[in-house]
Amino acid sequence: MKRLLPLLLIAASLSGCGLRPLYAGGSEGAVAQSLRDIEVAPIEGKGGWLVRNAINDRLAAVPTASPRYRLVVKLDDEITGFGVRSDDAVTRERRTLRARYQLIELSGKTVVLDATAGSDAGIDVTSSEYATIAAENTALERLAQTVADQIISRLALYATRGANDQ
């Protein structure tokens, strides 16, 4: 009984901590309702196309009625070589994808959220140029998914806080 008492006390204290699921209520919850009202502006470049599609895939779970917000994303995609051999050949690259995004309320044209997201990936440079280009493209696809996940998570968090303030 003495061993069980501390566990019961800890369990009881955690139940009042205020944690609750972010997507509570499913498609009818506050987060889903807010995400439903977002349209994504076109994003430049191949990386932009990948990020925009990834964001739209995540927003597609909730059908769009008439948008109240517009998500504007600017990307910075950079490949940096490092790991240089004695003959000055690069043996490793790092691809970095950074996004600055703004959530703009369409009615007043006011920016309600201004944030950044980003990730990077390492790429082995091989003697085959084709393999290196394929690895760079694969890295960009993975980075686009990661950046889109970060943006959606931040938008969901904003929606939760906005719903609690109202």
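Each remark here, short or long, concerns the structure printed above.
Conventions used here
- Residues numbered from 1 in each chain as written.
- Predicted model: local features only at pLDDT ≥ 70, side-chain atom pairs only at ≥ 80, totals over all residues.
- Heavy atoms only, no water.
- Pairing = 2+ DSSP bridges.
- Helix = DSSP H or I, 4+ residues; strand = E, 2+ residues; numbered from the N terminus.
- Axes fitted to C-alpha atoms, helices over the stretch in contact; angles between N-to-C directions.
- Contact = heavy atoms within 4.5 Å.
- Buried < 20%, exposed > 50% of the residue type's maximum accessible area, 1.4 Å probe, protein only.
- Lys, Arg positive; Asp, Glu negative; His and termini not counted.
- Salt bridge = Lys/Arg side-chain N within 4 Å of Asp/Glu carboxyl O.
- Expected span 1.5 Å × (residues − 1).

Caption draft 1: Quick look at the sheet that holds strand S3 (residues 90-105). Here 4 strands make up an open sheet; going across it, the order is S1-S2-S3-S4 and the pairing mixed. A single partner strand is all that each edge strand has here, and the edge strands are strand S1 (38-40) and strand S4 (110-124). Each adjacent strand pair in this sheet contributes to an overall mean axis angle of 25 degrees, direction not counted. As paired strands, S3 and S4 are joined by 14 bridges and run antiparallel to one another. Among the inter-strand pairings, Glu93 is bridged to a residue of S4, identified as Ile123. Along the sheet face, helix H3 (residues 45-59) touches S1, strand S2 (69-84) and S3 and points at about 160 degrees away from the line of S1.

Caption draft 2: The environment of Ser127, seen in detail. Among the structural elements, Ser127 can be located in the loop between S4 and helix H4 (129-165). Ser127 sits in the exposed class, given a relative accessible area of 84%. As a C-alpha pair, Ser127 and Thr91 span 36 residues in sequence and 9.2 Å in three-dimensional space.

Caption draft 3: Structural detail: the side chain of Glu93. Mapped onto the secondary structure, Glu93 falls in strand S3. In this structure, Glu93 is buried with no salt-bridge partner, the nearest side chain bearing the opposite charge being Arg95 at 7.3 Å. Not counting chain neighbours up to four residues away, the residues in contact with Glu93 comprise Ile79, Thr80, Gly81, Phe82, Ala121, Gly122, Ile123, Val125, Thr132 and Glu136.

Caption draft 4: Representation of the pattern of salt bridges. Enumeration over the complete set of coordinates arrives at 8 salt bridges. The salt bridge involving Glu39 is made with Arg70; its shortest N-O contact spans 2.6 Å. Of the two residues, Glu39 is situated in strand S1 and Arg70 in strand S2; the sequence distance between them amounts to 31 residues. The partly exposed category is assigned to Glu39, whose relative accessible area is 27%. The class for Arg70 is partly exposed, based on a relative accessible area of 29%. Where Asp87 meets Arg85, a salt bridge forms, and the shortest distance between an N and an O atom there is 3.1 Å. Judged by its relative accessible area of 49%, Asp87 is partly exposed.

Caption draft 5: Focus on the environment of Ile133. Note that Ile133 resides in helix H4. Ile133 sits in the partly exposed class, given a relative accessible area of 40%.

Caption draft 6: A look at H3. Spanning 15 residues, H3 covers 21 Å between terminal C-alpha atoms, matching the ideal 21 Å at 1.5 Å per step. Taken residue by residue, H3 has Gly47, Gly48, Leu50, Val51, Ala54, Ile55 and Leu59 as its buried positions.

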